[in-house]
Amino acid sequence: MNQLLVHNPATAELIATLPADDDSSVADKAQRARAALPGWRAMPVVEREACIARFAALVKAQIEPLAVVMTRETGKPIQMSRNELNGFLGRIDFFLAQIESSVQTETVFDDGGMTEQIEHTPLGLVANISAWNYPWFVGGNVFVPALLTGNVVLYKPSEFATLSGLEMARLLHEAGVPKDVFIPLVGGGAVGAALMEQDIDGLFFTGSYATGARIARILGPRMVKMQLELGGKDPTYVCEDADVNNAAASLADGAMYNTGQSCCSVERIYVHESIYDAFVAHFVETVKGFKIGDPMDNDTYIGAITRAPQLDVLDAQVADALAKGATLLCGGKRLKGPGLGYAPTVFSDVNHSMELMREESFGPIIGIQKVANDEEAVQLMNDTRYGLTAGVFTPNRTRAEKLLAQINAGSVYWNCCDRVSPRLPWSGHGDSGMGLTLSTYGIQTFTRPKAWHLRKP
Ligand code: NAD
């Protein structure tokens, strides 16, 4: 039988050995989910809402043990695990408040003889292949609205967040979602690949560009609805009129929160030359104040790097930046084991010849580049194949809006960063992906709009 070994990245300790799926169990689960679809789809939406509301109550009652599970398998600092679970409950509240108005049939024309209506019908069997860095957020962005809108879900959590994924399944089932309506799959890339082979009606993926591109190549010819939420290289520009200390503190948090392992982490900072030195000094001082430690401690801010290969990516970016003339201001090396850790790392004097400013770092490392004016800032911010988020710090809203209107990104921020709202669509441009989650659009995306042309006889 296949097995999945789960290690705690902060201690290297083996914490679970799970029976894993294989091709035949994945096919069996897909058939069971397909068979469960008519019953779930026919259920009145209020009953599906009641299941999700009970699920939310169960999560709320168990935040502490669920946070511990997440922290042990991902190395996320425990307070950030609690924050994620609390934020997840806020997202459920949003979905519950919006579901009925988002999917009710709309009459868009009626002249007495002809009526035109849009009906929002569920996609059917939804496959969700997910990432580990915010397992409750990125999983829930899909399975909560997918279930509410009458879809059945095959959910493959990341192999680095499977214990949390199994907790989601346990609590959904306890809340009354039938076992075959939400089915978790256990395993790594091979299980994700087997899932794509099934007769699915939609594939919702969160993860790296490399995997997303592979999925797109396979699913494209099959005309299966596909959403890909991928990586980023998110820039922020600090104008000369910004409050330097506030901007530095906010951006240090945006770069290092969750040990830099957020899709919308600040990954590049551009600062006007007239405040560059002051900004850099305050930024480094803030970063040096972040407590590195055991993710289980309440005051730990920098936890573990979840996946060992990412340490090689960080080492390579550091070596490349140093070789090309960047100035290392702090960090720049791995933390002593046995767990996986990287010292918070700040570079100044960087430029776009460096990998650090071009490729997603996904760790606690950042480059700060000096710019002469707004034009240069905009040009550099757009000099990327990604386009997830981007921000500007200035007290002048008109200036910020003018700058941000020129930026290719799904989300833009004025005087804030690293922020996701359930009320706003979450999407990427370029290699950051296609499709969206969250907002009312992120409910409708789990439905097909069916056009009804009704002529009275
Ligand atoms: P990953 O691509 O390594 O894995 C993601 C998922 O894909 C996992 O469940 C994995 O098992 C599965 N998978 C791997 N190979 C597969 C294959 N051949 N076929 C099908 N499935 C396969 O990514 P990761 O390390 O889990 O996540 C980190 C990445 O996710 C970062 O790039 C980050 O920016 C991105 N991310 C994006 C968002 C967003 O909203 N845009 C949110 C979170 C994370």
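This one's a predicted model, so the numbers in the text were calculated from it and none came from an experiment.

Calculation criteria
- Residues numbered from 1 in each chain as written.
- Predicted model: local features only at pLDDT ≥ 70, side-chain atom pairs only at ≥ 80, totals over all residues.
- Heavy atoms only, no water.
- Helix = DSSP H or I, 4+ residues; strand = E, 2+ residues; numbered from the N terminus.
- Rg over C-alpha atoms; globule rule 2.2 N^0.38 Å.
- Buried < 20%, exposed > 50% of the residue type's maximum accessible area, 1.4 Å probe, protein only.
- Areas by Shrake-Rupley, 256 points an atom, 1.4 Å probe, with all protein chains shown as cover.
- Lys, Arg positive; Asp, Glu negative; His and termini not counted.
- Charge placed at Lys NZ, Arg CZ, Asp CG, Glu CD.
- Near = heavy atom within 4 Å.
- Polar contact = N/O pair within 3.5 Å; in protein donor to acceptor, adjacent residues only side chain to side chain.
- Nonpolar A, V, L, I, M, F, W, Y, C, P; charged D, E, K, R; others polar.
- pLDDT = per-residue confidence, 0-100.
- Domains from an automatic or database assignment.
- Buried area = accessible area lost by both parts, 1.4 Å probe.
- Salt bridge = Lys/Arg side-chain N within 4 Å of Asp/Glu carboxyl O.
- Phe/Tyr/Trp six-rings, centres within 6.5 Å; stacked < 30°, edge-to-face > 60°.
- Expected span 1.5 Å × (residues − 1).
- Bend = angle between axes of the 7 residues up to and from the residue.
- Axes fitted to C-alpha atoms, helices over the stretch in contact; angles between N-to-C directions.
- Parallel < 35°, antiparallel > 145°, perpendicular 65-115°, else oblique.
- Left-handed = near helix turned anticlockwise from the far one by under 90°.
- Contact = heavy atoms within 4.5 Å.
- Pairing = 2+ DSSP bridges.
- Core = buried A, V, L, I, M, F, W, Y, C linked by side-chain atoms within 4.5 Å.

Visitor: I'd like a description of the overall build of the protein chain, backed by residues and values.
Guide: Of regular secondary structure, the protein chain possesses 14 helices and 20 strands. Its C-alpha atoms give the protein chain a radius of gyration of 23 Å, within 12% of the compact-globule value 23 Å for 457 residues. By principal-axis analysis of the C-alpha atoms, the protein chain measures approximately 75 × 60 × 40 Å. Buried positions account for 57% of the 457 residues belonging to the protein chain. For the protein chain, the accessible surface area stands at approximately 18100 Å², while carbon and sulfur atoms represent 54% of it. Side-chain charges of the protein chain comprise 39 positive and 51 negative groups, with the mean position of each set lying 3 Å from the other.

Visitor: Before we move on, could you go through the site of the ligand and cite the residues and values that matter?
Guide: Neighbouring the ligand are 30 residues; Ser130, Glu159, Ser208, Thr211 and Glu360 lie closest to it. Here an oxygen atom of the ligand sits 2.9 Å away from a polar atom, N or O, in the side chain of tryptophan 132. At 3.1 Å, a backbone N or O of glycine 207 approaches an oxygen atom of the ligand. Here the ligand, which alone exposes 850 Å², has 91% of that area covered by the protein. Contributing elements (two or more residues each) for the shell around the ligand: helix H7 (189-196), strand S8 (202-206) and helix H8 (209-219). Here the element with the most residues in the shell around the ligand is H7; it accounts for four residues. A class-by-class count of the residues in the shell around the ligand yields 13 nonpolar, 11 polar and six charged.

Visitor: Quick one: what's the story with the confidence of the model for the protein chain, residue by residue and with numbers?
Guide: Any region with low pLDDT has predicted coordinates that should not be read closely. Confidence along the protein chain averages 98 in pLDDT terms, with 100% of residues attaining 70 or more. For the protein chain, the element scoring lowest by mean pLDDT is H8, at 96; strand S7 (residues 182-184) scores highest, at 99.

Visitor: Describe the domain arrangement of the protein chain, and please don't skip the residues or the numbers.
Guide: Along its sequence, the protein chain is carved into domain 1 (3-230 + 432-455) and domain 2 (234-421). Taken together, the two surfaces of domain 1 and domain 2 that pack against each other cover about 2200 Å², and 61% of this comes from carbon and sulfur. Among the residues domain 1 hides against domain 2, the three largest losses belong to Met80, Trp132 and Ser432. Together they make up 26% of the total. On inspection of domain 1 and its partner domain 2, the count reaches zero salt bridges. Scanning the region where domain 1 abuts domain 2 turns up 12 residue pairs in polar contact (both at pLDDT 80 or more). Listing elements by their share of the side of domain 1 that touches domain 2, those giving two or more residues are helix H3 (63-74) and helix H4 (78-103).

Visitor: Give a description of the packing of aromatic side chains that names residues and reports values.
Guide: Summed over all chains, the structure comprises 14 aromatic pairs. Pairing phenylalanine 55 with phenylalanine 143 gives two aromatic rings, centres 6.1 Å apart and planes at 70 degrees, and the pair type is edge-to-face. Of this pair, phenylalanine 55 sits in helix H2 (residues 45-61) while phenylalanine 143 sits in helix H5 (residues 135-148), placing them 88 residues apart in sequence. With respect to class, phenylalanine 55 is no different from phenylalanine 143; both count as buried. Seen in terms of ring centroids, phenylalanine 143 and phenylalanine 182 are 5.2 Å apart; in terms of plane orientation they differ by 65 degrees. Their pairing is edge-to-face. Placement of phenylalanine 143 in helix H5 and of phenylalanine 182 in strand S7 is noted, with a sequence separation of 39 residues between them. Across this residue pair, the class does not change: phenylalanine 143 and phenylalanine 182 are buried. An aromatic cluster is defined as three or more aromatic residues linked by ring pairs; in this entry it consists of Phe55, Phe88, Trp136, Phe143, Tyr155 and Phe182.

Visitor: Mind laying out the pattern of salt bridges, listing which residues take part and the relevant values?
Guide: Inspection of every chain in the model, using the stated rule, returns 22 salt bridges. One salt bridge in this structure joins aspartate 21 and lysine 29, with 3.1 Å as the shortest N-O distance. The pair formed by aspartate 21 and lysine 29 is uniform in burial state, with each residue classed as buried. Residues glutamate 64 and arginine 82 are paired through a salt bridge, measuring 2.9 Å at the closest nitrogen-oxygen approach.

Visitor: So what's going on with H4? Which residues, and what values?
Guide: An ideal rise of 1.5 Å per residue puts 38 Å on 26 residues; H4 measures up with 37 Å between its terminal C-alpha atoms. A bend of about 35 degrees at alanine 97 is the largest found in H4.

Visitor: Can you tell me about the packing of H3 against H4, naming the residues and giving the values?
Guide: The relative placement of two packed helices is expressed as an angle between their axes plus a distance between the axes. Running from amino to carboxyl end, H3 crosses H4 at an angle of 125 degrees, the nearest separation of the two axes being 8 Å. One finds that H3 runs oblique with respect to H4. Here H3 and H4 pass one another in a crossing that is right-handed. Note on element contacts: H4 touches H3 through Ile78, Ser81, Arg82, Glu84, Leu85, Asn86 and Leu89, opposite Ile63, Glu64, Leu66, Ala67, Val68, Met70 and Thr71.

Visitor: Let's hear about the sheet that holds strand S6 (residues 152-156): which residues, and what values?
Guide: An order of S7-S6-S5-S8-S9-S18 is seen for the six strands of this open sheet, with the pairing classed as mixed. With one partner strand each, in any of the chains shown, S7 and strand S18 (433-434) form the two edges of the open sheet. Here H8 sits on the sheet in contact with strand S5 (125-129), S8 and strand S9 (225-229), set at roughly 170 degrees to S9.

Visitor: Describe the nonpolar core, with residues and values.
Guide: If you look at the biggest cluster of nonpolar residues, it comprises 104 residues, and the most contacted ones within it are Phe55, Trp136, Phe143, Val238, Ile269, Phe279 and Phe283. It is H4 that provides the largest number of residues to this core, a total of 10 residues. Counting contributing residues, this core receives three or more from each of domain 1 (3-230 + 432-455) and domain 2 (234-421). Setting aside chain neighbours within four positions, we find phenylalanine 283 in contact with Ala248, Leu251, Ala252, Ala255, Ile269, Val346, Ile366 and Ile368. With 28 residues, the next largest nonpolar core counts Cys239, Ala326, Tyr342 and Met354 among its residues.

Visitor: With reference to specific residues and values, describe the environment of glycine 387.
Guide: Tracing the sequence through the fold places glycine 387 in the loop between helix H12 (374-381) and strand S15 (389-393). Residue classification places glycine 387 among the buried residues on the basis of a relative accessible area of 5%. Through-space distance from the C-alpha of glycine 387 to that of lysine 233 is 7.4 Å; in sequence the pair is 154 residues apart. For glycine 387, the residues in contact, after removing those within four places along its chain, are Asn408, Ala409, Gly410, Ser427, Gly428, His429 and Ser432.

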